[in-house]
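Listed below, chain by chain, are the residues.
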Amino acid sequence: QVQLVESGGGLVQAGGSLRLSCAASGRTFSSYAMGWFRQAPGKEREFVAAISWSGGTTSYAPSVKGRFTISRDNAKNTVYLQMNSLKPEDTAVYYCAAMTSLATMRVNYWGQGTQVTVSS
């Protein structure tokens, strides 16, 4: 069992930056690929970024590539999402996810979400 707790969301102006963190419980954190997803009001949840268990491989949605960076610290059981050059369309609830692998993108555990609001 893995429990995920996100933090770092908030209100920021367009062009600003935020860093999200996801702290995981359990000793098996390093065996999971980790990802970030987001869901805007009235829209389906969508993939944002993912990172392999080792941190050696990352993947990004085209809409955030070049602006967002995912990273992880297995010693701290934490995954991060650095978000730069934020746009109003980035406004959403951001969810952390523990996944079987990047290849399958099958989510085993979800966090509760953290709100990110970007004002124009």
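As a reminder, the structure under discussion sits directly above these lines.
These numbers come from a predicted model, not from an experiment. (Residues numbered from 1 in each chain as written. Predicted model: local features only at pLDDT ≥ 70, side-chain atom pairs only at ≥ 80, totals over all residues. Heavy atoms only, no water.)

### Focus: the overall build of the protein chain
Thought 1: The number of helices and strands found in the protein chain is zero helices and eleven strands.
Thought 2: Its C-alpha atoms give the protein chain a radius of gyration of 13 Å, within 12% of the compact-globule value 14 Å for 120 residues.
Thought 3: Seen along its three principal axes, the alpha-carbon backbone of the protein chain occupies a region of about 40 × 25 × 25 Å.
Thought 4: Scored against the burial criterion, the 120 residues of the protein chain give a buried share of 42%.
Thought 5: Approximately 6200 Å² of the protein chain is accessible, and the part contributed by carbon and sulfur atoms is 49%. (Helix = DSSP H or I, 4+ residues; strand = E, 2+ residues; numbered from the N terminus. Rg over C-alpha atoms; globule rule 2.2 N^0.38 Å. Buried < 20%, exposed > 50% of the residue type's maximum accessible area, 1.4 Å probe, protein only. Areas by Shrake-Rupley, 256 points an atom, 1.4 Å probe, with all protein chains shown as cover.)

### Looking at the packing of aromatic side chains
Thought 1: Scanning all chains against the criterion turns up four aromatic pairs.
Thought 2: Note on Tyr32 and Tyr109: the rings are 6.0 Å apart at their centroids and 80° apart in plane angle, and the pair reads as edge-to-face. In this pair, Tyr32 sits in the loop between strand 3 (18–24) and strand 4 (33–39) while Tyr109 sits in strand 10 (residues 107–110), placing the two residues 77 residues apart along the sequence. The pair Tyr32 / Tyr109 is uniform in exposure class, with both members buried.
Thought 3: By the ring-pair criterion, three or more aromatic residues cluster together here, those being Phe37, Phe47, Tyr95 and Trp110.
Thought 4: Above the plane of the ring of Trp110 lies Arg45, whose end atom (NZ or CZ) is 4.4 Å from the centre.
Thought 5: Directly above the aromatic system of Phe29 lies the positively charged group of Arg72, at a separation of 4.6 Å from the ring centroid. (Phe/Tyr/Trp six-rings, centres within 6.5 Å; stacked < 30°, edge-to-face > 60°. Lys NZ or Arg CZ within 6 Å of the ring centre and 35° of its normal.)

### Notes on the pairing of strand 4
A regular strand places its side chains on the two faces of the sheet in alternate fashion.
Thought 1: A large share of strand 4 lies buried, amounting to six of its seven residues.
Thought 2: Taken together, the five bridges between strand 4 and strand 5 (residues 46–51) define a ladder with antiparallel strand orientation. Bridge pairing in strand 5 links Arg38 to Glu46. (Pairing = 2+ DSSP bridges.)

### Concerning the state of the cysteines
Thought 1: A complete count under the given rule lists one disulfide for this structure.
Thought 2: Cys22 shares a disulfide with Cys96; S-S distance 2.1 Å. In this structure, the disulfide formed by Cys22 and Cys96 twists by about -80° around the S-S bond and is classed as left-handed. In this pair, Cys22 is assigned in strand 3 and Cys96 in strand 9 (residues 92–99), connecting sequence segments 74 residues apart. In this structure, Cys22 and Cys96 share a single accessibility class: buried. (Disulfide = S-S within 2.5 Å.)

### Quick word on the nonpolar core
Thought 1: In terms of nonpolar packing, the biggest core is built from 30 residues, with Leu4, Met34, Trp36, Leu81, Met83 and Tyr94 touching the most fellow members.
Thought 2: Within the residue set of this core, elements represented by two or more residues are strand 3, strand 4, strand 5, strand 7 (68–73), strand 8 (78–83), strand 9 and strand 11 (114–119).
Thought 3: In this structure, Leu4 is in contact with Cys22, Ala23, Ala24, Met34, Cys96, Ala97, Ala98, Tyr109, Trp110, Gly111 and Gln112, ignoring residues within four places of it in sequence.
Thought 4: Ala33, Phe37, Ala50 and Met99 belong to the second-largest nonpolar core, a separate cluster that totals five residues. (Core = buried A, V, L, I, M, F, W, Y, C linked by side-chain atoms within 4.5 Å. Contact = heavy atoms within 4.5 Å.)

### Re unusual backbone geometry
Thought 1: Not every positive phi belongs to a glycine, and Asn77 is a case in point at roughly 50°.
Thought 2: Non-glycine residue Met105 carries a positive phi angle of around 55°.
Thought 3: Residue position: Met105 is located in the loop between strand 9 and strand 10.
Thought 4: Since its relative accessible area comes to 29%, Met105 is described here as partly exposed.

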